[in-house]
Amino acid sequence: MEALDAPYLDVGYFQMIWKRGSWLSVLFLGEMLTATAIGHFEDEIAKAVVLALFIPLIISSGGNSGSQATTLVIRAMALGELRIRDWWRVMRREFITGLGLGTILASIGLARILVWQGLFNAYGEHYFLVAMTVALSLVGVVLWGSLIGSILPFILRGLGFDPASASAPFVATLVDVTGLVIYFTVAATILRGTLL
């Protein structure tokens, strides 16, 4: 959102709605791309309904990792620990961190699917391929979220915007859309010839 020019309680309702509503409208339009992405993969979802179960898990994991990275970078910028010229060092660091975080979440996701399959036969005969799809997608989406979350504050600062006012919502919106593309691309690769 746009920063307030006065103390919170002194800002009028119309001004508050305008400052917050304009950014929410932009983000809402961006989230419409998420619906478009899901529509693009409608055939895959129809063939393998089990994939739809993991959409919230995949996109929220990417958004959460991106929001974490954004928050850390913005804090470091505010404290003077990072300048725009440090972007490449931050990207390298977040690549390794995102890969590690993605691997942790992938392991948890893989274990959860395997346990549920063993207890409830929840995912059908191709459960292991579904588990690998979710696990590899989590690595990719969390890595991507971390990279986007770490670079966006630098881009916004370079364009003259306040990174603190817009980074986290933009990261969540961007990672939602791209996370679906990553997920269904991995699914199409792993599940081709079985569920897809």
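Rules used throughout
- Residues numbered from 1 in each chain as written.
- Predicted model: local features only at pLDDT ≥ 70, side-chain atom pairs only at ≥ 80, totals over all residues.
- Heavy atoms only, no water.
- Helix = DSSP H or I, 4+ residues; strand = E, 2+ residues; numbered from the N terminus.
- Buried < 20%, exposed > 50% of the residue type's maximum accessible area, 1.4 Å probe, protein only.
- Contact = heavy atoms within 4.5 Å.
- Areas by Shrake-Rupley, 256 points an atom, 1.4 Å probe, with all protein chains shown as cover.
- Lys, Arg positive; Asp, Glu negative; His and termini not counted.
- Charge placed at Lys NZ, Arg CZ, Asp CG, Glu CD.
- Phe/Tyr/Trp six-rings, centres within 6.5 Å; stacked < 30°, edge-to-face > 60°.

## Concerning the overall build of the protein
(1) Moving on: A count of helical and extended segments in the protein gives seven helices and zero strands.
(2) Moving on: Overall, the protein is about 60 × 40 × 25 Å in size when its C-alpha atoms are taken along their principal axes.
(3) Moving on: Taking all 196 residues of the protein together, the buried fraction comes to 39%.
(4) Moving on: Once local pairs closer than 6 in sequence are excluded, the contacts in the protein between residues at least 24 apart make up 77%.
(5) Moving on: Here the protein displays about 11,100 Å² of accessible surface, and carbon together with sulfur accounts for 68% of that area.
(6) Moving on: With 12 positive and 13 negative side-chain charges, the protein shows a spacing of 10 Å between the two charge centroids.

## Section: the packing of aromatic side chains
(1) Moving on: In total, this model carries five aromatic pairs according to the counting rule given.
(2) Moving on: Consider the rings of phenylalanine 54 and tyrosine 123, whose centres lie 5.6 Å apart with planes at 45°: the pair is tilted. Of the two residues, phenylalanine 54 sits in the loop between helix H3 (50–53) and helix H4 (55–78) while tyrosine 123 sits in the loop between helix H5 (87–120) and helix H6 (127–158), which places them 69 residues apart along the sequence.
(3) Moving on: For phenylalanine 54, a relative accessible area of 6% puts it in the buried group.
(4) Moving on: Residues tryptophan 87 and tryptophan 88 carry aromatic rings whose centres are separated by 5.5 Å and whose planes lie at 70° to one another, so their mutual orientation is edge-to-face.
(5) Moving on: With a relative accessible area of 39%, tryptophan 87 lands in the partly exposed category.
(6) Moving on: A residue is classified by how much of its surface remains accessible, and tryptophan 88, at 47% relative accessible area, is partly exposed.
(7) Moving on: Linked through ring pairs, Phe41, Tyr183 and Phe184 together constitute an aromatic cluster.

Function cannot be inferred from these measures alone, as they are strictly geometric.
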